[in-house]
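Below, each chain spelled out in residue letters.
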Amino acid sequence: MAIRNIVKQGDGILEKVCRPVTDFNGRLHQLLDDMKETLAAAEGAGLAAPQVGVLRRAVIIIDDEGGYIEMVNPVITQAEGSQDGPEGCLSVPGRYGMVERPQQVTVEFQDRYGEKKTLHLEDFLARAACHEVDHLDGKLYLRLVSRFLTPEELE
Ligand code: CO
């Protein structure tokens, strides 16, 4: 495994629409393993492949027990309710803003072997899933911020 460089805001890679993963091979597994290591080193809550410069539809989020949820070709098929809360991004260091997201989502995706899966996520995990899937469509959370947190609020 290897820690990969995290692409920062301003790099056009973050604005591209990612292609679906079609080969569930060792190269994908290496990517996902590297993303996990990169996410752990950065102490983030989630990471999308374009954030390490790979324009493929793969994301990782950290679950409630500190484990990893790998989602390949994720699609949010259902969303319900709403929550307003602080959100940040490893590609936008040091900034946090209030973003409204669904309270619950259903995500259909494939695992690293291509098996189809469905997860029902709520609260912070629903927020994280929406944030990461947006990355795959070239969208940063910044466009959804109602207001940025002040330095006092960040402490
Ligand atoms: Co992000």
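The coordinates are above.
Residues numbered from 1 in each chain as written. Predicted model: local features only at pLDDT ≥ 70, side-chain atom pairs only at ≥ 80, totals over all residues. Heavy atoms only, no water.

*Asks:* How should I be thinking about the nonpolar core in this particular structure?
*Replies:* As a rule of thumb, nonpolar side chains are buried together in soluble globular proteins. Ranked by internal contacts, the top residues of the largest apolar core, which has 16 residues, are Ile61, Met71, Val105, Val107, Leu121 and Ala129. Listed by contribution, the elements that provide at least two residues to this core are β2 (58-62), β3 (68-80), β6 (104-110) and α2 (123-136). Considering each element in turn, this core owes the most residues, six residues, to α2. Judged by nonpolar contacts, the second largest core, of 13 residues, contains Leu32, Met35, Ala58 and Ile60. (Core = buried A, V, L, I, M, F, W, Y, C linked by side-chain atoms within 4.5 Å. Buried < 20%, exposed > 50% of the residue type's maximum accessible area, 1.4 Å probe, protein only. Helix = DSSP H or I, 4+ residues; strand = E, 2+ residues; numbered from the N terminus.)

*Asks:* Honestly, the coordination of the cobalt ion in this entry has me stumped. Any pointers?
*Replies:* Tetrahedral metal sites with four donors have an ideal angle of 109.5 degrees; octahedral sites with six donors have ideal angles of 90 or 180 degrees. On the protein side, the cobalt ion has Cys89 (SG), His131 (NE2) and His135 (NE2) as donor atoms, found 2.0 to 2.3 Å from it. Donor residues for the cobalt ion, ordered by position in the chain, follow C-x41-H-x3-H. In this pair, Cys89 sits in strand β4 (residues 83-89) while His135 sits in helix α2, placing the two residues 46 residues apart along the sequence. The buried category is assigned to Cys89, whose relative accessible area is 10%. Judged by relative accessible area, His135 falls into the buried class, the value being 1%. (Donors = N, O, S within 2.8 Å, 3.2 Å for Na, K, Ca; no water.)

*Asks:* Looking at this structure, I do not really get the packing of aromatic side chains. What am I missing?
*Replies:* Each aromatic ring pair is specified by the distance between its two centres and by the angle formed by the two planes. For the structure on display, the rule yields zero aromatic pairs. When the ring centre of Phe148 is taken as origin, the NZ or CZ atom of Arg95, which lies over that ring, is 3.9 Å away. (Phe/Tyr/Trp six-rings, centres within 6.5 Å; stacked < 30°, edge-to-face > 60°. Lys NZ or Arg CZ within 6 Å of the ring centre and 35° of its normal.)

*Asks:* When you look at the sheet that holds strand β5 (residues 92-101) in this model, what are you seeing that I'm missing?
*Replies:* The strands making up a sheet are joined through hydrogen bonds of the backbone, oriented either antiparallel or parallel. On the basis of which strands lie adjacent, the open sheet formed by three strands has the order β4-β5-β8 and antiparallel pairing. The strands lining the two open edges of the sheet, one partner per strand, are β4 and β8 (145-148). The sheet shows a mean angle of 35 degrees between the axes of neighbouring strands, taken without regard to direction. For β4 and β5, the ladder comprises six bridges, and the chain directions are antiparallel. Note that in β5 the partner of Cys89 across the bridge is Val92. Its contacts with the sheet put α2 on β4 and β5, and the angle it makes with β4 is roughly 50 degrees. (Pairing = 2+ DSSP bridges. Axes fitted to C-alpha atoms, helices over the stretch in contact; angles between N-to-C directions. Contact = heavy atoms within 4.5 Å.)

Read these as layout, nothing more, since geometry by itself doesn't imply function.
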